[in-house]
Structures are given as structure tokens and as C-alpha cells.
Amino acid sequence: MNQLQGGVAVITGAASGFGLEACRIAAARGMKIVMADVQQQALEAAAAELEGRGADLLAVQVDVAKAAEVEQLGEQTMTHYGAPHFVFNNAGVGAGGLIWEHTLHDWEWVVGVNLMGVAHGVRVFTPLMLAAAKADPAWRGHIVNTASMAGVINAPNMGVYNVTKHAVVSLSETLYQDLALVTEQVHAHVLCP
């Protein structure tokens, strides 16, 4: 990716784990960062850490399972920084247990965050990136969706999680193929830790 210095990164699940580390890397490379997380206190602490390192950032509390909140995140990103060069649809949750014992709440929560959160991110940010690419032949962008090894294997006692991560792998591979039909400037990747 060529446009790190001065580029824009949107990262969900930004207050911890892979998301926070991606924010640290983006900050070290001079990117403007839109940090999104559902946990306000953790988000504030992560944002304070990065601001202490001189990062230019916008921290937004977002529940990625809610379409309207991700749409608002897209609007805020465009208002503050313009189209993102890097989108990391990373927010994720898990529920364990025998698959028939998962409650309706378990299914709604995990599918909402792990699958629909990625779907909302793709739906909101891909058109913004494609428009930026169309306006500038030198512009490049990357979308990375976090799945898991649970997206390629099926371990016991992880049914709802496995289902969502398989879906994210499929969504990401389809996004990769669909983008290849329309542009060479925006690419999709899937992370399977």
C-alpha cells in the first residue's frame, strides 16, 4: 500500500487486540485514524495513548451491528478526513457452547457483530473508496475483514462463531472478486488468525 503517510485508516474494534495494534501501526506510519469501538472507556484510553504519540485521530463509539451507526461512521470519516485508504472491519465477539444450546441472543449478538458488522462496513465504505479511485487514477485502497481460523475449520463448542467466520471468509472472497471486476485500485483481504 503506497498511501500510508497522510492516508486515512478506519478501524473497528479499535480499542483492543488486533484493532488497537493496527491503530498503532497506522499512527507510526503517519496515517489519520478513525477509531471505532463499542466500549467507550476502552476507546477513550486507546485514543489517549495514540494522541500521546502524536496521532491525528477521530474516536467514535460505534456498535457495528447497527447499520445506522456504521453509516454515521462513514459520514463522519468523510467529513473529517475524506475517503479512507484502509478499512479494517475487525470488531468481533464470540459465544461458546454446544450449537443447539446457543440462545437467540447469542445468535443475534454474534451474527450482528461478526457478520453484519463486516457487511455494514463493506456496504458503507466500499462505495466511498471506489469514488475516490475514480476521481484519482493514483489513489489506492484496501479493505481487510477479520475472520478467523474458525472460518476455514469447524471446532466443537464454537458453532455460532464458526458460522459467522465462515461467512466473513465468503464475503471477503466475493468482495475480492467483485472489486477485480471494476477496479485495480481497491483490493480486499481477509485475516484469519
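Up top is the structure these notes are about.
**Student:** It is not clear to me how the nonpolar core should be interpreted in this structure. Could you clarify?
**Tutor:** Burial of nonpolar side chains together is a common tendency in soluble globular proteins. Ranked by internal contacts, the top residues of the largest apolar core, which has 35 residues, are V62, L73, F125, W139 and V186. At the level of secondary structure, the elements contributing two or more residues to this core comprise β1 (8-12), β2 (32-37), β3 (56-61), α3 (67-80), α4 (104-135), α5 (159-182) and β6 (186-191). Here the element with the most residues in this core is α4; it accounts for nine residues. Here V62 is in contact with A36, D37, V38, E69, V70 and L73, once residues within four sequence places are set aside. Of all hydrophobic cores here, the second largest spans 20 residues; its members include A9, L20, A55 and L57.

**Student:** Help me understand helix α2 (residues 40-52), please; the structure alone is not making it clear to me.
**Tutor:** With 13 residues, α2 extends 18 Å from end C-alpha to end C-alpha; this agrees with the ideal 18 Å at 1.5 Å per step. Buried within α2 we find L43, A46, A47 and L50. The buried residues of α2 all sit within an arc of 100° when viewed along its axis, so they share a single face. Opposite the buried face of α2, by more than 90 degrees, sit the exposed residues Q41, A45 and G52. Packing partners of the buried residues in α2 comprise α1 (17-28), β2 and β3. One or two steps after α2, the chain reaches G54, where phi turns positive at roughly 90°.

Conventions and cut-offs
Residues numbered from 1 in each chain as written. Predicted model: local features only at pLDDT ≥ 70, side-chain atom pairs only at ≥ 80, totals over all residues. Heavy atoms only, no water. Core = buried A, V, L, I, M, F, W, Y, C linked by side-chain atoms within 4.5 Å. Buried < 20%, exposed > 50% of the residue type's maximum accessible area, 1.4 Å probe, protein only. Helix = DSSP H or I, 4+ residues; strand = E, 2+ residues; numbered from the N terminus. Contact = heavy atoms within 4.5 Å. Expected span 1.5 Å × (residues − 1). Arc of directions from axis to C-beta.

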